[in-house]
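Below are the chains, spelled out letter by letter.
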Amino acid sequence: MTISTVGIIGAGTMGNGIAQACAVAGLDVVMVDISDAAVHKGQAAVAASLDRLIKRDKLTAEARDAALARIQGSSRYEDLQRAQIVIEAATENCELKLKILQQLDKLLAPEVLIASNTSSISITKLAAATSRADKFIGMHFFNPVPMMALVELIRGLQTSDATHDAVKDLAERLGKTPITVKNAPGFVVNRILVPMINEAFFVLAEGLATPEDIDAGMKLGCNQPIGPLALADMIGLDVCLAVMEVYLAEFGDSKYRPCPLLKEYVAAGRLGRKTGHGVYAY
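Residues numbered from 1 in each chain as written. Predicted model: local features only at pLDDT ≥ 70, side-chain atom pairs only at ≥ 80, totals over all residues. Heavy atoms only, no water.

Per an unreviewed UniProt entry, the chain carries the name 3-hydroxybutyryl-CoA dehydrogenase and comes from Oryzisolibacter propanilivorax. Reading the Sequence similarities (unreviewed entry) entry of the UniProt record for the chain gives the comment "Belongs to the 3-hydroxyacyl-CoA dehydrogenase family." (UniProt positions renumbered as here; feature names shortened; annotations may be inferred.)

## A closer look at the layout of surface pockets
Considering only enclosed or pocket space, the second largest pocket measures out at about 240 Å³ in volume. Residue lining of the second largest pocket: 15 residues in total, with Gln-20, Val-24, Leu-53, Pro-146 and Met-147 positioned closest to the centre. With three residues, the top contributor of residues to the lining of the second largest pocket is helix 1 (residues 13-24). Taken together, the residues of the lining of the second largest pocket sort by class into 10 nonpolar, two polar and three charged. (1 Å grid on protein atoms, 1.4 Å probe; cavity = no way out; pocket = protein on both sides within 12 Å on 5 of 7 lines; lining within 4 Å. Points joined across faces, edges and corners; volume = space filled by probe spheres on them. Helix = DSSP H or I, 4+ residues; strand = E, 2+ residues; numbered from the N terminus. Nonpolar A, V, L, I, M, F, W, Y, C, P; charged D, E, K, R; others polar.)

## Let's talk about the pairing of strand 4 (residues 85-88)
Side-chain alternation along strand 4 places Ile-85 and Ile-87 on one buried face and Val-86 and Glu-88 on a second face that is also buried. By the bridge criterion, four bridges tie strand 1 (residues 5-9) to strand 4 in an arrangement that is parallel. Paired with Gly-7 across the two strands is Val-86, which belongs to strand 4. Sheet topology places strand 4 next to strand 5 (residues 113-116); four bridges connect them, and they run parallel. Paired with Glu-88 across the bridge in strand 5 is Ser-116. Chirality of the crossover, the property in question, places the unit of strand 4, helix 4 (residues 94-107) and strand 5 among those that are right-handed. (Buried < 20%, exposed > 50% of the residue type's maximum accessible area, 1.4 Å probe, protein only. Pairing = 2+ DSSP bridges. Right-handed = clockwise from strand over helix to strand, strands pointing away.)

## Observations regarding the domain arrangement of the chain
Buried accessible area, meaning the area lost when the parts come together, often serves as the stated size of an interface. Here the domain parsing of the chain yields domain 1 (5-182) and domain 2 (191-272). For domain 1 and domain 2, the distance between their C-alpha centres works out to 26 Å. With five residues of domain 1 in contact, the opposing surface of domain 2 contributes five residues. For the pair domain 1 and domain 2, the summed buried area comes to about 420 Å², and 64% of that belongs to carbon and sulfur atoms. Contact with domain 2 buries surface across domain 1, with Glu-92, Ser-120 and Asn-143 losing the most and accounting together for 70% of the total. Where domain 1 meets domain 2, there are zero salt bridges. Remark: the boundary between domain 1 and domain 2 carries zero residue pairs in polar contact (both at pLDDT 80 or more). Here the residues of the side of domain 1 that touches domain 2 are counted per class, giving one nonpolar, three polar and one charged. (Domains from an automatic or database assignment. Contact = heavy atoms within 4.5 Å. Buried area = accessible area lost by both parts, 1.4 Å probe. Salt bridge = Lys/Arg side-chain N within 4 Å of Asp/Glu carboxyl O. Polar contact = N/O pair within 3.5 Å; in protein donor to acceptor, adjacent residues only side chain to side chain.)

## Regarding the environment of Ala-216
Locating Ala-216 in the fold gives a position in helix 8 (residues 211-222). In the structure, Ala-216 is positioned 12 residues away from Pro-228 in sequence and 9.5 Å away in space, judged by C-alpha atoms.

## What to know about the pattern of salt bridges
Oppositely charged side chains can pair when the atoms bearing their charge come close. Per the counting criterion, the structure on display carries 10 salt bridges. Note that Arg-64 is salt-bridged to Asp-65, the shortest N-O span being 3.1 Å. In this structure, Asp-105 engages Arg-132 in a salt bridge whose closest nitrogen and oxygen atoms are separated by 2.8 Å. Of the two residues, Asp-105 is situated in helix 4 and Arg-132 in the loop between helix 5 (123-127) and strand 6 (136-141); the sequence distance between them amounts to 27 residues. Through salt bridges with shared partners, a single network forms among Asp-51, Arg-64 and Asp-65.

## Concerning unusual backbone geometry
Across the junction of Asn-143 and Pro-144, the peptide omega takes the value 0 degrees, indicating a cis bond. Relative to the helices and strands, Pro-144 resides in the loop between strand 6 and strand 7 (150-155). With phi around 60 degrees, Asp-57 is a residue other than glycine that occupies positive phi space. Judged by relative accessible area, which is 71%, Asp-57 ranks as exposed. The backbone of Phe-187 shows a phi angle near 60 degrees, a positive value even though the residue is not glycine. If you trace the backbone, Phe-187 turns up in the loop between strand 8 (177-182) and helix 7 (189-205). What makes Phe-187 buried here is its relative accessible area of 5%.

Next up, the structure:
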């Protein structure tokens, strides 16, 4: 299968980042969200990101204009029908994703591939909501998508070799480095990363150090480019909490218990950069 058009469900941080990566690589994109306002916000985010690349001499104005022209924004699922693959990048909520996937499955031609950008939910479970489990795969991008090289390819129980190979080729065309992992809660990277972030919140809650010193310790002591608390703010504290709750439910192991301080921040609406306040104020 030759993929020339990519459909994307969700124009938020991950969705518009995936759209940008695809458009810059020369692929046509249909980016769909629930409202025209959400779509326009996503398109504006792509334009702003491309403008920053121009200022850093990473992109020409001509390349920016060509990339933007390749992205069609829409609030209609029907516009996804011309895509060869649709990547679901909705909020990390299992019931929402299942509802979206059921709608997609009824709408798309049988040969169209479906991928989910989920960071923690079972690919086998999501695939079961469709009639094309063999053509379903996890395609987990990392934030910020245009800058991060990794894509996790997660095979569900019935994902075919042909589907895996086609999506691996797509990831490489986007300039990414794909790794293939088995289906399990959190897959590989987040299975290790999010519990580390959760532990950083326990350290903060216990008053062992300030947020700044916790982050400095991990950056300087473990050679991490960003500290775990600042990273949590970038990811979204609500996303971190949702992932930990999935781990706790799926594994039934108390070591995945979300830190009460993380839960309190989320309850207060302090979700990180996207709300202007998380562990840090922005």
